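Geometric and topological summary
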Amino acid sequence: MTATAYLAGPDVFLPNAAAHAARKVEICRQYGLRGLPPLNEDIETAAKTLNETSLNEAPDVWRSIYEKDIAMMERSDIIIANLTPFGGASADAGTLIEVGWFLGQRKPIFGYSNNSESFEQRMRRQLGDGDADLGIEGFHLPDNLMIVGAVLSGGYPIFVPTDGKARGIDALDVFEACAAAAAQVVAAEAFAGRR
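These remarks concern the structure in this document.

Focus: the pattern of salt bridges
- Applying the stated criterion across every chain yields a total of seven salt bridges.
- Linking Glu26 and Arg29 is a salt bridge whose minimum nitrogen-to-oxygen distance equals 2.4 Å. One end of the pair is Glu26 and the other is Arg29, both in helix H1 (residues 17-30) and three residues apart, which spans about a single turn.
- What makes Arg29 exposed here is its relative accessible area of 52%.
- A salt bridge links Glu117 to Arg125, with the nearest nitrogen and oxygen atoms 2.5 Å apart.
- One connected set of salt bridges, linked through shared partners, spans Asp163, Arg167 and Asp173.

Comments concerning helix H4 (residues 93-104)
- Its twelve residues give H4 an end-to-end C-alpha distance of 17 Å, which sits within 8% of 16 Å, the value for a rise of 1.5 Å per residue.
- Those residues of H4 that fall on the buried side of the exposure criterion are Thr95, Glu98, Val99, Trp101 and Phe102. All buried residues of H4 project into a common sector of 155° when viewed along the axis, lining one side. The outward face of H4, more than 90 degrees from its buried face, is lined by the exposed residues Ala93, Ile97 and Gly104.
- The first or second residue beyond H4 is Arg106, which carries a positive phi of 60°.

Structural notes on the side chain of Asp69
- Relative to the elements of secondary structure, Asp69 occurs in helix H3 (residues 59-75).
- Judged by its relative accessible area of 11%, Asp69 is buried.
- Setting aside residues up to four positions removed in sequence, Asp69 forms contacts with Tyr6, Pro38, Asn40 and Glu98.

Brief notes about the packing of aromatic side chains
- Counted by the stated rule, this structure contains five aromatic pairs.
- Ring geometry for Phe13 versus Phe86: centroids 5.6 Å apart, planes at 10°, classification stacked. With a gap of 73 residues between them, Phe13 in the loop between strand S1 (3-8) and H1 and Phe86 in the loop between strand S3 (78-82) and H4 connect regions that are remote in the sequence.
- In this arrangement the basic side chain of Lys24 is found over the ring face of Phe175, its NZ or CZ atom lying 4.7 Å from the centre.

Here's the deal with a nonpolar patch on the surface
- On the surface, Phe139, Leu145 and Met146 cluster together into a nonpolar patch covering about 340 Å² of accessible area.
- Relative to the helices and strands, Met146 is located in helix H6 (residues 145-152).
- Assessed through its relative accessible area of 63%, Met146 is described here as exposed.

What to know about the environment of Arg23
- By secondary structure assignment, the location of Arg23 is in helix H1.
- Overall, the relative accessible area of 38% leaves Arg23 in the partly exposed class.
- Each residue touching Arg23, except ones within four places of it in the same chain, is listed here: Asn16 and Leu172.

Focus on helix H5 (residues 119-127)
- Taken as a whole, H5 has its buried residues at Phe119, Glu120, Arg122 and Met123. Taken end-on, H5 shows its buried residues confined to a sector of 165°, consistent with a single buried face.
- After H5 finishes, the residue Gly128 shows a positive phi value of roughly 85°.

Notes on the sheet that holds strand S5 (residues 158-159)
- Spatially, S2-S1-S3-S4-S5 is the arrangement adopted by the five strands of the open sheet, whose pairing is parallel. Unpaired on one side and paired on the other, strand S2 (33-36) and S5 mark the two borders of the sheet.
- Here S1 runs beside S3; their pairing, made up of four bridges, is parallel. Within the sheet, the bridge partner assigned to Leu7 lies in S3 and is Ile80.
- On the sheet, H1 packs against S1, S2 and strand S4 (109-112) and is oriented at approximately 165° with respect to S2.

Rules and cut-offs
Residues numbered from 1 in each chain as written. Predicted model: local features only at pLDDT ≥ 70, side-chain atom pairs only at ≥ 80, totals over all residues. Heavy atoms only, no water. Salt bridge = Lys/Arg side-chain N within 4 Å of Asp/Glu carboxyl O. Helix = DSSP H or I, 4+ residues; strand = E, 2+ residues; numbered from the N terminus. Buried < 20%, exposed > 50% of the residue type's maximum accessible area, 1.4 Å probe, protein only. Expected span 1.5 Å × (residues − 1). Arc of directions from axis to C-beta. Contact = heavy atoms within 4.5 Å. Phe/Tyr/Trp six-rings, centres within 6.5 Å; stacked < 30°, edge-to-face > 60°. Lys NZ or Arg CZ within 6 Å of the ring centre and 35° of its normal. Patch = residues over 30% accessible without salt bridge, like charges linked within 9 Å, V, L, I, M, F, W, Y side chains within 5 Å. Areas by Shrake-Rupley, 256 points an atom, 1.4 Å probe, with all protein chains shown as cover. Pairing = 2+ DSSP bridges. Axes fitted to C-alpha atoms, helices over the stretch in contact; angles between N-to-C directions.

In short, the description is geometric, and any link to function would need to be established separately.
Laid out in structure tokens, this is it:
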């Protein structure tokens, strides 16, 4: 049985999102996983509709995307989440909702970040010296402790670049390392009869 991996992350906002997702799906296939990217092929139509009307006047547009993504998560066995900082010092908010959903379903969570800088370092840079004493987490974790805790709850680390160099959200080398590890875990659990 091939495990299905929900491929969460801000990659869906890339201008070449479909081609990028295809590369991620192919990497998953090479490791024996079925990658399921939450692409919203209808996003251009949705964006046009939302630009022409208010969000309250067009709830069906965003609600249909939300429901489609939930259905995809329900069909998935695991999540591989791109936790690269997006729009701030932390991971994409939508991706974090998806990670929380998998946590609540007790499905394995695998995460990676293309930035090896600690959450503390990113927060200090974002806040500046004037707000440096706000009690920023000093744990040297790759993201907020709740995010790290969710991923680690299944016993899996957050993968980061081993060379210490940051990459864009579209880099695939850290994703590939994470997908390879996820495939090994899924195979071991299947062999042990837990899947």
